[in-house]
Amino acid sequence: MDDQHGDVAPYPSGLILTGRRVLVVGGGHVAQRRVPGLIAARADVHVVSPEVTPAIEGLAGAGEVTWHRRVFAEADLDGAWYALATTDDPEVNAAVCAAAEQRRLFCVRADDARGGSAWTPATGRHAGVTVAVLGQREPRRSALVRDEILEGLREGTIAAPHQRDRTPGVVLVGGGPGDPELMSVAGRKALMEADVVVADRLAPRELLGELPADVELIDVAKLPRGRSAQQEEINRVLVERALAGKRVVRFKGGDNFVFGRGFEEVLACRAAGVPVTVIPGLTSPVAVPAVAGIPVTHRGVAHDFTVVSGHLPPGDPESLTDWTAVAGLRGTLVLMMAVQNAPAITAALLAGGRSADTPVGIVCDGTMPGERTVLCTLGTLAEVLETEAVKPPAIIVVGEVVAVAHPEHFGERTEVAAP
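Not measured: the values here are computed from a predicted model. (Residues numbered from 1 in each chain as written. Predicted model: local features only at pLDDT ≥ 70, side-chain atom pairs only at ≥ 80, totals over all residues. Heavy atoms only, no water.)

**Student:** How should the pattern of salt bridges be read in this particular structure?
**Tutor:** Side chains bearing opposite charge may pair, as long as their charged atoms lie close to each other. Inspection of every chain in the model, using the stated rule, returns 14 salt bridges. The salt bridge partner of D112 is R114, with a shortest N-O separation of 3.3 Å. For K189, the salt bridge identified is with E193, shortest N-O distance 2.4 Å. Its relative accessible area of 23% is what places K189 among the partly exposed residues. Bridged by salt links that share partners, the residues E216, E233, R236, E240 and R241 form one connected network. (Salt bridge = Lys/Arg side-chain N within 4 Å of Asp/Glu carboxyl O. Buried < 20%, exposed > 50% of the residue type's maximum accessible area, 1.4 Å probe, protein only.)

**Student:** Honestly, the sheet that holds strand β15 (residues 359-364) in this entry has me stumped. Any pointers?
**Tutor:** Spatially, β13-β14-β17-β15-β16 is the arrangement adopted by the five strands of the open sheet, whose pairing is mixed. Looking at the sheet topology across the chains shown, the edges are occupied by β13 (305-309) and β16 (372-377). Within this sheet the neighbouring strands show an average axis-to-axis angle of 20 degrees, counted without direction. Summarising the sheet, β13 and strand β14 (residues 332-336) pair through five bridges and their orientation is parallel. Paired with V307 across the two strands is V334, which belongs to β14. (Pairing = 2+ DSSP bridges. Helix = DSSP H or I, 4+ residues; strand = E, 2+ residues; numbered from the N terminus. Axes fitted to C-alpha atoms, helices over the stretch in contact; angles between N-to-C directions.)

**Student:** Please clarify how the packing of helix α6 (residues 231-243) against helix α7 (residues 262-271) should be interpreted in this entry.
**Tutor:** When two helices pack together, their arrangement is given by the angle between their axes and by how far apart the axes lie. Orientation of α6 relative to α7, taken along the N-to-C sense of each, is 45 degrees, at an axis distance of 10 Å. The angle between the axes of α6 and α7 places the two elements in the oblique class. The two elements α6 and α7 meet at a crossing, and its hand is right-handed. Judged by residue contacts, Q231, I234, N235, L238 and V239 of α6 engage E264, E265, A268 and C269 from α7. Looking at the contact of α6 with α7 residue by residue, the class counts come to five nonpolar, two polar and two charged. (Parallel < 35°, antiparallel > 145°, perpendicular 65-115°, else oblique. Left-handed = near helix turned anticlockwise from the far one by under 90°. Contact = heavy atoms within 4.5 Å. Nonpolar A, V, L, I, M, F, W, Y, C, P; charged D, E, K, R; others polar.)

**Student:** Mind showing me how you'd approach the sheet that holds strand β2 (residues 44-48) here?
**Tutor:** Strands pair in a sheet through their backbones, by hydrogen bonds, and they do so in one of two ways: parallel or antiparallel. Across the sheet, which stays open at both edges, the five strands sit in the order β3-β2-β1-β4-β5 with parallel pairing between neighbours. Each end of this open sheet is capped by a strand with a single partner; those strands are β3 (66-68) and β5 (107-109). Strand-to-strand, the axes of this sheet are offset by a mean angle of 15 degrees, without reference to chain direction. Across the face of the sheet, helix α1 (residues 29-40) comes into contact with β1 (21-25), β2 and β4 (82-85) while running at roughly 170 degrees to β1.

**Student:** Even after reading the chapter, I still don't get helix α10 (residues 342-351), so can you show me in this structure?
**Tutor:** Among the residues making up α10, those that are buried are A342, I345, T346, A348 and L349. Take α10 and look down its axis: the buried residues cluster within an arc of 165 degrees, on one side only. Here the buried face of α10 lies against α9 (323-327), β14, α11 (381-387) and β17 (394-398). At the C-terminal side of α10, G353 shows a positive phi close to 110 degrees. (Arc of directions from axis to C-beta.)

Okay, here's the thing in structure tokens:
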């Protein structure tokens, strides 16, 4: 099969195995990896092996494969369209391949690819496209190439322009906490399919540079204490572009529905008869502390966490937060958009009974290159924000979980309870 250099150019072909007998000799972990793909191809799978893994036994019990609990016999190949020799015994695998060769039946040999007449490619499937990669008997290389292609398909970076979804409408995309690597695959793909992108300041900015040149980019950045694009204007732009036949992506940081005003945009689209879908993003009040090494819950320490917007101070007539109730909670408190109003919030929490000794972690520019974590207590929070020159965006975590994450700063303050 090999030439003198051991270099073979296999002929790729897609096998239609629906309803056709496929023989798998061997019931170990190699077979366990191969059988699900054969089932997905709707093949009539027969496994011949004295013993099989629990997973294969479960498939046989469910009627998804037929298990012949014995050693291989050449007659097992009769009527088969394809065969795989996957045992851990080279002599058995060689016998399977030899018998298959006599029957002019293609056979994969798992322990020595050169001894078979077919190779198993690294495969994957997305949106009706099957990707199969053969890397000259280098399975790890094949898998890496396959994964790169699939990622491009999922993100929309690999696709002919006419294949991209150009259906008019609005897609709300949550970009996650800021690092583009933490954005969902579905979100990146939606960006690549957009005609118009309406972006916030906190949306992962690096991804905007990957947009095709013909995509209209509309900046509606809401800079703290600076110019602001009113929500009504954002709604108007989304609806106007969609009604003009464009596919519009509303791109923002975090998650659309966690202090992102995303549902206001949904309501505006619905009122105008514009189709709207939602692709959520990693929510920052959970993801940012996690990336910084602070859990929002921990066994024996915090059984709940509360996320509160601090864009309005306690006592503001428009505030919907019961700060007295919040102060009485024992779990973790995560404050969003609270840098400016932190002194007033601190005073309200202390007045409501929260201890001044409560550990606090301030995560600035979470997941971004300039990320830093400032540690203090609730009693010193207002002072530390000033001395450390903390600016938005920053997430303030209040609770004993901060001490769990940073015992070197707060000491061993907590004990983990038994489950």
